[in-house]
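# Tertiary structure, described
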Amino acid sequence: MDARHTLEHRLEALGFSLEEAAVYLALLELGPQPASVVARKAGLKRGHTYNLLSSLSEKGIVQEFEKRKVKQFTATPPQGLFTVLDRKKEEIEESSQQL
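First things first, this report covers the structure right here in the doc. (Residues numbered from 1 in each chain as written. Predicted model: local features only at pLDDT ≥ 70, side-chain atom pairs only at ≥ 80, totals over all residues. Heavy atoms only, no water.)

## Observations regarding the overall build of the protein chain
- Across its full length, the protein chain carries five helices and two strands.
- The helix and strand sequence of the protein chain, counted from the amino end, reads α-α-α-α-β-β-α.
- The principal-axis extents of the C-alpha atoms in the protein chain amount to approximately 50 × 35 × 25 Å.
- Classification of the 99 residues of the protein chain by burial places 31% in the buried group.
- Put simply, 47% of the contacts in the protein chain that link residues at least 6 apart link residues at least 24 apart.
- Surface summary for the protein chain: the accessible area is close to 6500 Å², and the carbon and sulfur share equals 51%. (Helix = DSSP H or I, 4+ residues; strand = E, 2+ residues; numbered from the N terminus. Buried < 20%, exposed > 50% of the residue type's maximum accessible area, 1.4 Å probe, protein only. Contact = heavy atoms within 4.5 Å. Areas by Shrake-Rupley, 256 points an atom, 1.4 Å probe, with all protein chains shown as cover.)

## Here we look at the pairing of strand β2 (residues 70–75)
- Here six bridges tie strand β1 (residues 62–67) to β2, and the two strands are oriented antiparallel to one another. Each residue of the ladder has a partner; that of Glu66, found in β2, is Lys71.
- Between β1 and β2, which pair antiparallel one after the other, the connecting turn spans two residues, and Arg68 there sits at a positive phi close to 55°. (Pairing = 2+ DSSP bridges.)

## Some words on the nonpolar core
- Counting residues in each nonpolar core, the largest one holds 22 residues, and the members touching the most others are Phe16, Val23, Tyr24 and Ile61.
- Listing elements by their share of this core, those giving two or more residues are α2 (18–30), α3 (35–42), α4 (46–58), β2 and α5 (81–98).
- Of the residues forming this core, the biggest block, seven residues, is contributed by α2.
- Look past the residues within four positions of Ile61 in its chain and what remains in contact with it is Phe16, Tyr24, Leu56, Thr74, Ala75, Thr76, Leu81 and Val84. (Core = buried A, V, L, I, M, F, W, Y, C linked by side-chain atoms within 4.5 Å.)

## Considering the pattern of salt bridges
- In this structure the tally under the stated criterion is three salt bridges.
- Between Lys59 and Glu20 there is a salt bridge, with its nearest N and O atoms 3.0 Å apart. Separated by 39 residues along the polypeptide, Lys59 in the loop between α4 and β1 and Glu20 in helix α2 bring together distant segments of the chain.
- Exposure remark for Lys59: the relative accessible area of 27% places this residue in the partly exposed category.
- The exposure class of Glu20 is buried, given its relative accessible area of 6%.
- Among the salt bridges present, the one from Lys71 reaches Glu64, with a minimum N-O distance of 3.4 Å. (Salt bridge = Lys/Arg side-chain N within 4 Å of Asp/Glu carboxyl O.)

## Comments concerning the side chain of Thr76
- For Thr76, the location among the structural elements is in the loop between β2 and α5.
- Within the local environment of Thr76, its side chain forms a polar contact with the side chain of Gln63, the two groups lying 2.8 Å apart.
- Aside from chain neighbours lying at most four places away, what touches Thr76 is Tyr24, Leu28, Gly60, Ile61, Val62 and Gln63. (Polar contact = N/O pair within 3.5 Å; in protein donor to acceptor, adjacent residues only side chain to side chain.)

Laid out in structure tokens, this is it:
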């Protein structure tokens, strides 16, 4: 199993879909890019990549900005994933208190 595949599976364990993991890793490798470049790197269709980028943006893992009237996306550094884990932990704690 190669390192990228291992990372994708670890991200899945954090709640990413396999495709979200591929997009996130592509952004980490590429740096700020438009969706079309990210889609190519991740091996996905551009339209679907926009949906995945939107989902990751809602989770606070991807940021969107405009450069020369073109939407660009950038990934939160891996350390930012702790925020995602903290949110999940809070959700679990709230759910367990309701039981």
